[in-house]
Amino acid sequence: MNNDQPLLQAYDLNGLTMPNRMVMAPMTRSRAINDKDAPTEDLHSLYYTQRASAGLIITEGSQVSKEAVGYINTAGIYNKEQVEGWKNVTKHVHEQGGRIFIQLWHCGRISHPDFHNGELPLAPSAINPHEKSFTPDGFKDTVTPKAMTQEDIDRTQQDFVNAAKNAVEAGFDGVEIHSSNGYLFHQFFANYSNNRTDKYGGSIENKARFFFETLDKVKEVIPEDKIGVRFNPSLHGTFGMKVDKETIPTFDYIIEKLNDYNLAYIHLSEPFTDVSDVQYAVSEIAKHYRPIYKGTLMINTGFNQEKGNKVIKDGDADLVSFGKLYVSNPDLVERYQKNVPVSDWDEETFYVPGKKGYTDYEAKAREAEIKI
Ligand SMILES: Cc1cc2nc3c(=O)[nH]c(=O)nc-3n(C[C@H](O)[C@H](O)[C@H](O)COP(=O)(O)O)c2cc1C
């Protein structure tokens, strides 16, 4: 036992006591295979409950409306069946002693007309990301989306508000707004996807407006200290995003401005790809943003036990989220507590139906198997 590891120290997340600083990162797993896109007891509830020893779980991205969808079999948080399904998840996770936020998601242009009865997906501007969309008929090329009207913007913001209300009803400890990874909010932040000439485009302040307006509306229905937000500032060459000279100043502006809020946390990703040769990109995100942001900073991407302990010890982050390691190690906390080697994940089963590669990873460092 070496429980003096920084990752294993308790953390007070605005009154929510985390027994450790290890967070399960949000991960789409495409197991909501039913007419209502609702989470199920035998799959979702068991999967999250197996991982309840995490200091905090953040669920898979969950679409805030039908319009928000971009991938097959993802769970939502806008209809009655979904709220009931999530209630079951939060009940079991809480009974097992865990804490859980839901990630609120709108894919924007990373979608396909096949999800929208042939209508175009929504985006800040009519610019095709030239990516692939994972549709019911397999991968298809993305299309040129519809530039959102003011009415689309108002309705979408209301969808986030409704989703946050539903999250409260479903018993979540908080919500994370998915403003990262090239999806709708990120599309507003970037010149590569936003060439609007109204109050939502042009200046940095304008490009951030859709996000801040939404945040201000969401905090009317859930306290701001129960809201987390996610950013991937140096995302480049994937999810339809590229870094340009305004990218980092845009995120600097947004993150600095978030000091005026009392959020649960900001959740940042180190670059998904090597950006050391990319002009204007920042290679070390935690180091860059730690001096700028005064509240709780969660860092992600490529962390393991050693790197996670170091980033907290160095004072560059308060919390560390783990993605793929949480796919294959439901008992990641206990493994680090007992120094039990981690198991490898199987990419082939990330997004396939059923329990294989989902609820059947062994919790080697635990005495008893978790059942619900
Ligand atoms: C299968 C899979 C699904 C993911 N789905 C989401 C998602 O729904 N929302 C999100 O913000 N990030 C998503 N991500 C990104 C992860 O949260 C995380 O940023 C990424 O895996 C890097 O962290 P890691 O190196 O610890 O795995 C996903 C990653 C994986 C592997």
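Just so you know, these numbers come straight off a predicted model, no measurement behind them. (Residues numbered from 1 in each chain as written. Predicted model: local features only at pLDDT ≥ 70, side-chain atom pairs only at ≥ 80, totals over all residues. Heavy atoms only, no water.)

1. Here's the deal with the site of the ligand
Note the threshold: For this purpose, a residue is taken to be near a molecule or strand whenever a single non-hydrogen atom of the residue falls within 4 Å of it. In the analysis that follows, any N or O atom pair within 3.5 Å is treated as a polar contact, provided that within protein one partner can donate a hydrogen and the other can accept it, and provided that, for residues neighboring in sequence, both atoms belong to side chains. Using a 1.4 Å probe, accessible areas were evaluated by the Shrake-Rupley method; residue-level cover was limited to the displayed protein chains. Lining residues are defined by having an atom within 4 Å of a point belonging to a cavity or pocket. Those points lie on a 1 Å grid over the protein atoms alone, cavities being sets where a 1.4 Å probe fits but cannot get out and pockets being open sets with protein on both sides within 12 Å along at least five of seven lines. The way we define it, a molecule is inside a pocket or cavity when more than half of its atoms are within 2 Å of that pocket's grid points. Following the grouping adopted for this structure description, the nonpolar residues are Ala, Val, Leu, Ile, Met, Phe, Trp, Tyr, Cys and Pro, the charged ones are Asp, Glu, Lys and Arg, and the polar ones are all others, Gly among them.
In the vicinity of the ligand, 18 residues are found, and the nearest of them are Pro26, Thr28, Arg230, Asn300 and Gly302. Between the ligand and histidine 178, the relevant distance is 3.1 Å, taken from an oxygen atom to a side-chain nitrogen or oxygen of the residue. Separating an oxygen atom of the ligand from a side-chain N or O atom of arginine 230 is a distance of 2.6 Å. Burial of the ligand by the protein amounts to 89% of the accessible area it has alone, namely 610 Å². Comparing atom positions with the cavity grids shows the ligand to sit within the largest pocket. Of the residues in the shell around the ligand, the class split is seven nonpolar, nine polar and two charged.

2. What to know about the packing of helix H5 (residues 204–218) against helix H6 (residues 247–257)
Note the cut-off: Note on geometry: axes are C-alpha line fits, over the in-contact stretch for helices, and angles between N-to-C directions span 0 to 180 degrees. Only DSSP runs of H or I reaching four residues or more are called helices, and only runs of E reaching two or more are called strands; each is numbered from the N terminus. Angle categories are assigned with fixed cut-offs, so that under 35 degrees is roughly parallel, over 145 is roughly antiparallel, 65 to 115 is roughly perpendicular, and the rest are oblique. When the near helix sits turned anticlockwise from the far one by under a right angle, the crossing is termed left-handed; a clockwise turn instead gives a right-handed crossing. A contact between two residues is defined here by any heavy atoms of the two lying within 4.5 Å.
Close contact between H5 and H6 brings their axes to 10 Å; oriented N to C, the two are set at 50°. Judged on the interaxial angle alone, H6 and H5 are oblique. Every pair of crossing elements has a handedness; the one defined by H5 and H6 is right-handed. Judged by residue contacts, Ile204, Glu205, Lys207, Ala208, Phe211 and Phe212 of H5 engage Pro249, Thr250, Tyr253, Ile254 and Lys257 from H6. Looking at the contact of H5 with H6 residue by residue, the class counts come to seven nonpolar, one polar and three charged.

3. Digging into the nonpolar core
Short version of the rule: Buried Ala, Val, Leu, Ile, Met, Phe, Trp, Tyr and Cys residues form a nonpolar core when they are joined through side-chain atoms within 4.5 Å. Working definition: with a 1.4 Å probe on protein chains only, accessible area under 20% of the residue-type maximum means buried, over 50% means exposed, and in between means partly exposed.
Counting residues in hydrophobic clusters, the biggest one holds 82 residues, and the most contacted among them are Phe211, Phe231, Leu258, Ile299 and Phe322. The contacts of isoleucine 299, once residues within four sequence positions are left out, are Leu268, Ser269, Glu270, Ile285, Ala286, Val311, Ala317, Leu319, Val320 and Ser321. Core analysis: the next-biggest nonpolar cluster, separate from the first, contains 12 residues, Met18, Val23, Tyr265 and Met298 among them.

4. Notes on the pattern of salt bridges
When the charged atoms of two side chains lie near each other, side chains of opposite charge can form a pair. As a reminder of what qualifies: Each salt bridge in this description consists of a side-chain nitrogen of Lys or Arg and a carboxyl oxygen of Asp or Glu lying within 4 Å of one another.
One pass over the structure, following the stated rule, counts 17 salt bridges. For glutamate 67, the salt bridge goes to arginine 155, with nearest N and O atoms at 2.9 Å. With a gap of 88 residues between them, glutamate 67 in the loop between strand E4 (56–63) and helix H2 (80–95) and arginine 155 in helix H3 (residues 150–169) connect regions that are remote in the sequence. With its nearest N and O atoms 4.0 Å apart, the salt bridge here joins glutamate 367 to lysine 338. Of this pair, glutamate 367 sits in the segment after helix H10 (332–338) while lysine 338 is found in helix H10, placing the two residues 29 residues apart along the sequence. Judged by its relative accessible area of 79%, glutamate 367 is exposed. Residue lysine 338 is classed as partly exposed on the basis of its relative accessible area, which comes to 35%. Look at the salt bridges and you will find they share partners, linking Glu67, Lys146, Asp152 and Arg155 into a network.

5. So, empty space enclosed by the protein
In plain terms, the rule: Grid points are joined across faces, edges and corners, and a volume is the space filled by probe spheres set on the points.
Enumeration according to the criterion identifies one cavity of 30 Å³ or more in this entry. Of the voids in this model, the largest cavity is the one considered here, and its volume is about 70 Å³. Across the lining of the largest cavity, the residue classes break down as six nonpolar, four polar and four charged.

6. Some words on the layout of surface pockets
Approximately 1,000 Å³ is the volume found for the largest pocket. Surrounding the largest pocket, 36 residues form its lining, Met27, Asn181, Phe239, Phe272 and Tyr351 being those nearest its centre. For the lining of the largest pocket, the elements supplying multiple residues, two or more each, are E4, strand E5 (100–105), strand E7 (132–135), strand E14 (319–322) and helix H9 (324–328). Per-element accounting of the lining of the largest pocket gives the leading share, three residues, to H9. Classifying every residue of the lining of the largest pocket by side-chain character gives 18 nonpolar, 12 polar and six charged. There is about 430 Å³ of room inside the second largest pocket.

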